[in-house]
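Structural overview
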Amino acid sequence: MNRAGEPDTEFFEILWRATFRRAKRPVEGVLLSDEAATNLAGKIFENLLDRYRQRPTDAEFSAEAMEGAHDHARHNVSADRTSQSDPQLCHDPSDTRYEKNLDLDRLKKKGREGFSDREWNGLDPILRPFGFHTLLRKGLGNHDAEDVYLETFAELARERAKDGTAPIESIVVFEEVIPLFSKMVQFRAIDWRRKQSSLKNQPNTQSSYEDLTEREDGAMQFEDKSSNPDRDLGQLSFDEIYRQCGETLNEMEWHLVFTVYVSQSATMGELCADEDILLKLGLETNHSISKKRRILNEALEGALEKLQKCLIT
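The sections below set out a description of the structure shown in this document. (Residues numbered from 1 in each chain as written. Predicted model: local features only at pLDDT ≥ 70, side-chain atom pairs only at ≥ 80, totals over all residues. Heavy atoms only, no water.)

**Structural notes on the packing of helix H1 (residues 9–24) against helix H3 (residues 58–84)**
Taken N-terminus to C-terminus, the directions of H1 and H3 make an angle of 25 degrees; their axes are 8 Å apart at the nearest point. Judged by the angle between their axes, H1 and H3 are roughly parallel. Along this stretch, H1 crosses H3, giving a crossing that reads as right-handed. Of H3, the residues touching H1 (which contributes Phe11, Phe12, Leu15, Ala18, Thr19, Arg22 and Ala23) are Asp58, Phe61, Ser62, Ala65, Met66, Ala69, His70 and Ala73. Residue classes in the contact of H1 with H3 are distributed as 10 nonpolar, 3 polar and 2 charged. (Axes fitted to C-alpha atoms, helices over the stretch in contact; angles between N-to-C directions. Helix = DSSP H or I, 4+ residues; strand = E, 2+ residues; numbered from the N terminus. Parallel < 35°, antiparallel > 145°, perpendicular 65-115°, else oblique. Left-handed = near helix turned anticlockwise from the far one by under 90°. Contact = heavy atoms within 4.5 Å. Nonpolar A, V, L, I, M, F, W, Y, C, P; charged D, E, K, R; others polar.)

**Things to note about the packing of aromatic side chains**
Within this structure, the stated rule accounts for 12 aromatic pairs. Consider the rings of Phe115 and Trp120, whose centres lie 6.1 Å apart with planes at 50 degrees: the pair is tilted. Exposure remark for Phe115: the relative accessible area of 12% places this residue in the buried category. Residue classification places Trp120 among the buried positions, given a relative accessible area of 10%. Put simply, the rings of Phe115, Trp120, Phe132, Tyr149, Phe153 and Phe181 touch in pairs and so form one group of aromatic residues. (Phe/Tyr/Trp six-rings, centres within 6.5 Å; stacked < 30°, edge-to-face > 60°. Buried < 20%, exposed > 50% of the residue type's maximum accessible area, 1.4 Å probe, protein only.)

**Digging into the nonpolar core**
Within soluble globular proteins, side chains that are nonpolar tend to cluster in buried spots. Counting 29 residues, the largest nonpolar core has Leu123, Leu127, Leu156 and Phe174 as the members making the most contacts within it. Among the elements that take part in this core, helix H7 (residues 177–200) stands out by supplying 8 residues, more than any other. When near neighbours in sequence (up to four residues on either side) are disregarded, Leu123 contacts Leu102, Phe153, Leu156, Phe174 and Val177. (Core = buried A, V, L, I, M, F, W, Y, C linked by side-chain atoms within 4.5 Å.)

Rendered as structure tokens:
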């Protein structure tokens, strides 16, 4: 590493503390000991200093350290849980979202009939409250919410055609299943709203006059857009923006906008590690983190520009 370009002590101290905190709590619900987090942060710094002959930018160095802490901490916990047959190992005792972790190894166990281990019986009671909270908040009625929830739950175990893996296989520690499922159910809700909007735009598709005039979704098509021309665009909800600009962005662009700005369910670093995202952006997993971030930022900026033009015309 080029010592002339070595970052100053203050930079190292700040980044060290951030890396330690990330290693200690890589995801919500996982908590490593101070000793384990310190050792991991030390190894990450040693590896980074050995890897670069010439120091990269502070931003790239920081991103590599933080992502390394996130990835290695999760995989270390996963390996320890498997070796010790203890799904509760390193689970944060203050996490009260559910009673206890399920055995992720059993959830991932795939037989001839797919994922059929009895451990799946305990997954629905954990995910149902989170799924329905999201769906009801998105305006789906109880019956529609149940249908969308069940479809999303089934999708967790559905193998993707491109690689033969299911979403449940993408997580490393059980605590990640809630943010993963929440992201999935949010996009199911968006698809549901898009389909409903498409149906409303077709004649004679509503079941009754009441559906057109009394239901919130139905009444929207009679709204006079000029009735409040001075309304601040900043006051628009995501659902309103989506109703006005649904066809402006493609599925990938909506995914990025929703994940980063609405649900905030993934960091930029996590998106850069998502193989599906990389593939759709024309990137390879071996591309540098700086290139991944640059292309991802360009995609987000382009999507926001399209939304801005749509909303002001």
